[in-house]
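Below are the chains, spelled out letter by letter.
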Amino acid sequence: MSIADTVDVLKQSADFQRELLDNGRFKIELFYFATLCDKLVIKKDITHPYLHTADPSDFHDMLSAALSCTKLNAEDDPMSSLLCGYVLIRLDNIYYSLEAATSINNEPLEASSEMTLQGPQSAFSENIKTNLMIARKRYPYPTLIAEQLTLGKVSRTQAYLLYDKEKCDPDVLRRAHQMLNQVQADTVMAVGQLEALMTKTKIRWFPTMIITERPDRVTYNLAQGKFVILLDGTPYSLVAPAVFYDFLSAMDDMYQSFIVTRSLIVMRYVALLITIALPGLYVAVVSYNPEIFRVQFALSVAGSRAAVPYPSFIEVIIMLFLIEALVEASLRLPSYIGSTATTVGGLILGQAAQMAGLVSSIMIIITSAVAISNFVVPINSMSFALRLAKYPLVLLASMFGLVGLVSGMFALSLYAANLENFGRQYFRLFTGEPAVAGYKESDSN
Amino acid sequence: MVNLRKRACLCLSVILSCGCLLSGCGFRDIDKRFFVVEMGIDKGENEPYKISLKLAIPSPKMEPGDSKSQIITAEGDSISATVRRMKSMIDKELDFGHTKVFVFGKPFMKENFRQSLDWMARRRDIQGVAFVAIGSPDAETVLHVKPPSERLPGNALILSFTREGTDSPFIMSEYWFDLYRKIKGFGKNPTLPIITAEKETFDISKVAVISEGKSKLELDAPDTEILNQLVRHLQRFVLKGDFKGKPFEMSVDQFRKHYRIVTPADGSPYIEMNILIKGEIEESAVPLFEQDWGALERNLEENQKQRYVEVLEKLRAANVDPVGFGVRYRATRHAPDTEWEDWQRIYPHIQFHVRVKVELKGTGIIK
Amino acid sequence: MTRYYYYFFLICMLINTIFFVPRILLAQRFEGAVMALILAVLVGSTLAIVFTKSLSRFPGQGLPEIFAGFLPSVLRIPIILYLGIMWGIAGSIIIVAFSFITNRFLSPETSPRLLLLCFCSICCWASTRKASAIISVTEIVIVLNLPIVAFIMYKSYIQKHFDWDSVKILSDYTFKPPSWTLLAAATYPFTGYINFALYNRNFKELKVAHLWLIPVIGTFVLFTSIIVPIGLLGVSAVGDYLYTWISAADTLRMQYGFIERVVYLFLFIYIGFSLLFVTITWNIGTQMILDCLPKRFKKTKRGRKATPWIVAGTIAATTYWFGISSNDKGMIDSVKLWLSIRLASEIGVVLLIAWMAWHKHRKRRIRHG
């Protein structure tokens, strides 16, 4: 499209300004989106010098000497740059475009989904330039390369691909470029969506890339040789390739002492096991093999189930569903109803249901243990993925008992081990990742 | 559209097949099972077997004295037939997975009871670590006893036998797997504790030695204590002694025993036993700290040695061998074809040379 | 690298010491079982060491590739096919045995067909996974379960009721010559090394340190698998039991543990071990059979995805049919037969590989010499 056609298309919007300036000696014409451009920049870079320029050729020189000002050729389409906040300047039928974009939301936010106790508390902001600044400030190494990308046919979201040229595996980078080139979507709004667009398989379960808003995690991963994708409009960034252990490590692990850290990691894995296996274990023990535990325990379980009229797996499914609904609802509740919801959940679901004989008291304990352990996993996407892992196990346990449960867990670990991202293994016991935070070994588990 | 319908049909068929799989699965909730906590086997009046089962009734609150149970009895000509007959007497499925105590009635033990072991050995859900005992006057009476402080049905007996509760030196508990291997093997005779049912409690202080498939010899409480030391290496018991006519008692902390079977080519065979006992004075009529401990020790040694030899000779007279001398003989002699017959010839005449060494460690916190 | 070798070695050891080796050996404990154990340690370790050293001369190559370099197609394809089938049978036996055990001890009311179907389908799916995934899962399963196995062994030795005298009785019967079946049963636990026939592809080189550990661990585990049942169940009564180790584990009790009877802990971990073992063997078997198929099955992209499933599915279906139509007695007889054949083929394969390795070494010596 030629420039005149572009202007014709755009002038229907009220915020598209088309101004003819006249300083008595020569005229220039400005085209820009008033909402996208910073008027101060326009004044300082264009109108003010324009006032004092006598000759058009001087103004040409000035524009050539201005920062971020390019001369357009006849066949260039200024549509995309106008929509990004550039100012189109016409002087004697020569067009220049000057960058004058205004930015909003460029304050670093507080870390809201991933907390540390004694680490940095601020996260990325929603402006990509600020994010890149934060990243580069924390990683001031010359080999940090940032490649610019534009994703989404309509949204044209800006993105940067960051990596350390020395440490990153060239094969991984090649795959990354391949994946990014095949992203076909109209709008790309968040990194989760980007992850879905980048991977080939449609039905995925475990996340294979880490979504994080913490600059320290991004820095750590860059030093490990991973690449990071920053997306405009969201404080979250995408880090790949990731292994399973990364999803269960919090940044706190490097900020505390060795024994504390290792115990916390062990505790996380135990919580993982609890949240996946405990409902299935309950069904298996109560309905198939009550002789596993001691007689005192078996009688106490039998006593607490005495009032419940339906089989154990229906009880488990009901309670799990209620807890899932509670968790989902508490995400979306406005803050002023928040405390009411916890009261409802605690009292009504727990105490009253048990007293009415709808669920046994042991089931209440199990459900709360499961719900709490689920959130011990630091990365949210993995926590959500693991919430689903217990349902097939409950199903298998209700069909086959303990055997079904153990087979289910075996199948789950085999499934996770079979996942591969970027040609590397996802799930291993000793991952052998480089220890860049100074600890002697960075093995998992 | 066709694709969607095909997929919907596939999903539906998978779900339906899962549903029909559930029925053949053995899914049975815990509250549809009746746990048998104790089982009694008696001689029936009309039929060979009279089986009593103590079924636990679970309750949401577990307070001491609150245990509820139900006892059902039936007679039949084999254990499995009787148990099947009993299934129709109750509303829930019988679950033997938690049967911790099997009681044989005393009259039942007078005859060969090896046949009854077969049912227990063949079933997969009978625990190998279940306890076996003899009930006096018979098994059903023992099952009916309900101590007032019992929290769960059957708990009192279980706690006594597992030593989680009381740690009495008179209780010689016997595991089911131990009974089976001793009965099937050669060289060691099993012992079973005798539970005497009193009004609201038990008295487990006697032991019966089984040989040739029936109860051969019954030992009373003092002899049971000695046998407990010899067979089970009981660590905590009390020795009696006297110092110049005044009695004193020593509580034992450590007990060690070694023995050898010596068969000299000429001369009579004997068993040489060395026993080491260490302990402290627990009760005394006179202060003992300043006295000659050597004399005290020798006195204790003499008393204890007499007791040991007495009990061992009693066992030899009845031709029973709970300590396991036969097995040791077979282990140390290398003539696999003839060693068992040799032992059976040697045992009725064997001598016991027992040497006891007592080491006194202290006299408590006063002199 | 070394540790993966020992993982495979251990899984084979641990599986076999509960399934058939104790039962077959203890049935003939007075007729040469002890001698069979001693010979097995020697024979097994020799085979393992010879195989490993020979295979280390062919880095990154699996058995089909090595054979392709030395034998003509006419010889190679039947041999590889035969080996693939043997591997498949190894897994099938474990599945059928394990489903019998599960049916007997853990879920007696579940229909055996359903259990068999469940196991066969899970293992069929699992055996079509990538080899690297299976190797990782091996590591995970073994590292997580080995402490429990060690704990059970420790507990059984420390047990007050362990009758050492019974064990000493057995020493009287040491010098009786064993039969071929006994020797085959006793050497089976050492066969873990043979999985590297295919998994050598996933490792850059097969450098295994501390090879002396093989006879040491082997002796310990083999003798434990015989001594513990005898000590716990009595030397005469132990022959009565059909599932020796499970009944032996039933005699252990954790007084202060959450699970009081150790037998359930035992069964719990052995479910994991059995599934892992079957996955490994069926995976290797499937790969070997696939290698024998004509090239056109391997070429097309679509066919490549479905063919492993077809082969694995065939093996699973055969196992299911065999499992349904067999009973306890028929199964143990066929197992004994299979074990005897297996020992012969194993010795054959090791000799073949050793000859090829020596041939290559000599060729290289001639070329460089």
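Only a predicted model underlies this, so the values are computations on that prediction, with no experimental measurement involved. (Residues numbered from 1 in each chain as written. Chains lettered and ligands numbered in written order. Predicted model: local features only at pLDDT ≥ 70, side-chain atom pairs only at ≥ 80, totals over all residues.)

K.L.:
Would you mind going over the overall build of chain A in detail, with residue names and values included?
P.N.:
Scanning chain A from N- to C-terminus turns up 17 helices and twelve strands. What you see for chain A is a C-alpha radius of gyration of 29 Å, clearly larger than the 22 Å of a compact globule of 445 residues, by over 25%. Considering only C-alpha atoms, chain A reaches an extent of 100 × 50 × 40 Å along its principal axes. Here chain A holds 445 residues, and the buried ones make up 37% of them. Long-range contacts, defined here as pairs at least 24 residues apart, represent 64% of the contacts in chain A between residues at least 6 apart. (Helix = DSSP H or I, 4+ residues; strand = E, 2+ residues; numbered from the N terminus. Rg over C-alpha atoms; globule rule 2.2 N^0.38 Å. Buried ≥ 20, exposed ≤ 12 C-beta atoms within 10 Å, placed from the backbone. Contact = placed C-beta atoms within 7 Å.)

K.L.:
Please give an account of the overall build of chain B that cites residues and values.
P.N.:
Along its length, chain B carries ten helices and 14 strands. With the C-alpha coordinates aligned to their principal axes, the bounding extent of chain B is approximately 100 × 55 × 55 Å. By residue count, 41% of the 367 residues in chain B fall in the buried class.

K.L.:
Tell me about the sheet that holds strand E3 (residues 69–72) of chain A, and please be specific about residues and values.
P.N.:
Residue and element names in this part refer to chain A. Reading across the sheet, the five strands line up as E1-E2-E4-E5-E3 and stay open at both edges, with antiparallel pairing between neighbours. Edge positions in the sheet fall to strand E1 (16–22) and E3, since each of these pairs with one other strand and no more. Sheet twist, expressed as the average angle between the axes of neighbouring strands with direction ignored, equals 20°. Taken together, the six bridges between strand E4 (residues 86–91) and strand E5 (residues 94–99) define a ladder with antiparallel strand orientation. By the bridge assignment, Tyr-86 is partnered in E5 with Glu-99. (Pairing = 2+ DSSP bridges. Axes fitted to C-alpha atoms, helices over the stretch in contact; angles between N-to-C directions.)

K.L.:
Break down the interface of chain B and chain C for me, citing the residues and quoting the values.
P.N.:
The partner chain C presents 27 residues to the 26 residues of chain B that form the contact. Elements represented by at least two residues in the side of chain B that touches chain C include exactly helix H6 (176–184) and helix H9 (325–332) of chain B. Top element by residues in the side of chain B that touches chain C is H6(B). It accounts for six residues. For the side of chain B that touches chain C, the per-class residue count stands at ten nonpolar, eight polar and eight charged. (Nonpolar A, V, L, I, M, F, W, Y, C, P; charged D, E, K, R; others polar.)

K.L.:
Explain the pairing of strand E9 (residues 202–211) of chain B to me, and be specific about the residues and the numbers.
P.N.:
All names here are of chain B. Buried residues dominate E9, accounting for seven of its ten residues. By the bridge criterion, six bridges tie strand E8 (residues 191–197) to E9 in an arrangement that is antiparallel. Counterpart to Pro-193 in the pairing with E9 is Val-207. The hairpin formed by E8 and E9 contains four residues between the paired strands. From the end of E9 to the start of strand E10 (residues 214–219), which pair antiparallel, there are two residues, and Glu-212 there has a positive phi angle of about 55°.

K.L.:
Residue-level account of unusual backbone geometry, with values.
P.N.:
With an omega of -15°, the peptide bond between Ala240(A) and Pro241(A) qualifies as cis. As for its position among the elements, Pro241(A) is in the loop between strand E10 (237–240) and helix H9 (244–247). Omega for the peptide link from Ser136(B) to Pro137(B) comes to 0°, which places this bond in the cis form. Note on placement: Pro137(B) falls in the loop between strand E6 (131–136) and helix H4 (139–144). Non-glycine residue Ser68(A) carries a positive phi angle of around 60°. Examined against the element boundaries, Ser68(A) turns out to sit in the loop between helix H3 (56–65) and E3. A positive phi angle is found at Asp92(A), which is not glycine, with a value near 55°. A residue is classified by how many C-beta atoms lie within 10 Å of it, and Asp92(A), with 12 of them, is exposed.

K.L.:
Can you explain the nonpolar core? Please cite residues and give values.
P.N.:
Membership of the largest hydrophobic core comes to 293 residues, with the highest contact counts inside it found for Ile11(C), Leu25(C), Ile94(C), Cys123(C), Ala185(C), Ala186(C) and Phe266(C). Counting residues per element, this core draws most heavily on helix H13 (residues 262–292) of chain C, at 19 residues. When neighbours within four sequence positions are excluded, Cys123(C) is seen to be in contact with Ile95(C), Leu275(C), Val278(C), Thr279(C), Trp282(C) and Ala316(C). Residues Phe33(A), Cys37(A), Ile42(A) and Tyr86(A) belong to the second largest nonpolar core, which totals 18 residues. (Core = buried A, V, L, I, M, F, W, Y, C linked by C-beta atoms within 7 Å.)

K.L.:
Can you break down helix H12 (residues 295–304) of chain A residue by residue, with the values?
P.N.:
Along H12(A), eight of the ten residues are buried, which leaves the element largely enclosed by surrounding structure. Residues of H12(A) that are buried include every one of Val295(A), Ala298(A), Leu299(A), Ser300(A), Val301(A), Ala302(A), Gly303(A) and Ser304(A), and no others. In the core, the buried residues of H12(A) are packed alongside helix H11 (258–287) and helix H15 (361–374) of chain A together with strand E1 (33–43) and strand E2 (49–57) of chain B.

K.L.:
Summarise the environment of Ser225(C); cite the residues concerned and give the values.
P.N.:
All names here are of chain C. Position of Ser-225 among the secondary structure elements: in helix H11 (residues 213–233). Separated by 82 residues in the primary sequence, Ser-225 and Thr-307 place their C-alpha atoms 40 Å from one another. Beyond its immediate stretch of four places on either side in the chain, Ser-225 contacts Thr-17, Val-21 and Pro-22.

K.L.:
Any chance you could break down the interface of chain C and chain A for me, citing the residues and the numbers?
P.N.:
At the junction of the two partners, chain C supplies 25 residues and chain A supplies 21 residues. For the side of chain C that touches chain A, the class distribution of residues is 15 nonpolar, six polar and four charged.

K.L.:
Outline the sheet that holds E10(A), supporting the account with residue identities and numerical values.
P.N.:
Sheet strands pair by backbone hydrogen bonding; their relative direction is either parallel or antiparallel. All names here are of chain A. Judged by pairing direction, the sheet is antiparallel, and its five strands sit side by side in the order E6-E7-E9-E10-E8 without closing on themselves. Strand pairing shows two members of the sheet lacking a second neighbour, strand E6 (144–151) and strand E8 (210–212), which therefore form its edges. Across the sheet, the axes of successive neighbouring strands diverge by a mean angle of 25°, strand direction being ignored. Sheet analysis places strand E7 (residues 157–164) next to strand E9 (residues 227–231), joined by four bridges and oriented antiparallel. The partner of Ala-159 across the bridge, within E9, is Leu-231. Seen against the sheet, helix H6 (residues 170–181) touches E6, E7 and E9 and runs at an angle of roughly 30° to E9.

K.L.:
Give a description of the packing of helix H7 (residues 131–158) of chain C against H13(C) that names residues and reports values.
P.N.:
Residue and element names in this part refer to chain C. Where H7 contacts H13, the axes come no closer than 10 Å and their chain directions differ by 150°. In terms of orientation, H7 and H13 fall into the roughly antiparallel class. Handedness of the crossing formed by H7 with H13: left-handed. Mapping the contact onto sequence places Ala-131, Ile-134, Val-137, Thr-138, Val-141, Asn-145, Ile-148, Val-149, Ile-152 and Lys-155 in H7 and Val-262, Leu-265, Phe-266, Ile-269, Gly-272, Phe-273, Leu-276, Thr-279, Ile-280 and Asn-283 in H13. For the contact of H7 with H13, the per-class residue count stands at 14 nonpolar, five polar and one charged. (Parallel < 35°, antiparallel > 145°, perpendicular 65-115°, else oblique. Left-handed = near helix turned anticlockwise from the far one by under 90°.)

K.L.:
Describe in detail H13(C), supporting the description with residues and values.
P.N.:
Since one α-helical turn is 3.6 residues long, residues separated by three or four positions face the same way. Compared with the 45 Å implied by 1.5 Å per residue over 31 residues, the 45 Å span of H13(C) between its first and last C-alpha is a close match. Counting buried residues along H13(C), 28 of its 31 residues qualify, which places the element largely inside the surrounding structure. (Expected span 1.5 Å × (residues − 1).)

K.L.:
Break down the packing of helix H7 (residues 221–232) of chain B against helix H8 (residues 293–317) of chain B for me, with residues and values.
P.N.:
Residue and element names in this part refer to chain B. The contact between H7 and H8 brings their axes to 10 Å, and the two run at 95°. The orientation of H7 relative to H8 falls into the category roughly perpendicular. Side by side, H7 and H8 meet where Asp-223, Ile-226 and Leu-227 of the first sit next to Arg-307, Tyr-308, Val-311 and Lys-314 of the second. Each residue belonging to the contact of H7 with H8 can be placed in one class, and the counts come to four nonpolar, no polar and three charged.

K.L.:
Account for the environment of Pro336(B), naming residues and giving values.
P.N.:
The residue Pro336(B) is located in the loop between H9 and helix H10 (339–346) in this model. For Pro336(B), the residues in contact, after removing those within four places along its chain, are Asp172(C) and Tyr173(C).

K.L.:
Describe the environment of Ile229(A), and please don't skip the residues or the numbers.
P.N.:
Looking at the secondary structure, you find Ile229(A) in strand E9. In this structure, the C-alpha to C-alpha distance between Ile229(A) and Ala34(A), residues 195 residues apart in sequence, is 30 Å.

K.L.:
Outline the confidence of the model for chain A, supporting the account with residue identities and numerical values.
P.N.:
The predicted model of chain A has a mean per-residue pLDDT of 83, with 96% of residues at 70 or higher. Scored below 50 in pLDDT, residues 437–445 of chain A makes 14 contacts in the model with residues more than four places away or belonging to other chains. (pLDDT = per-residue confidence, 0-100.)

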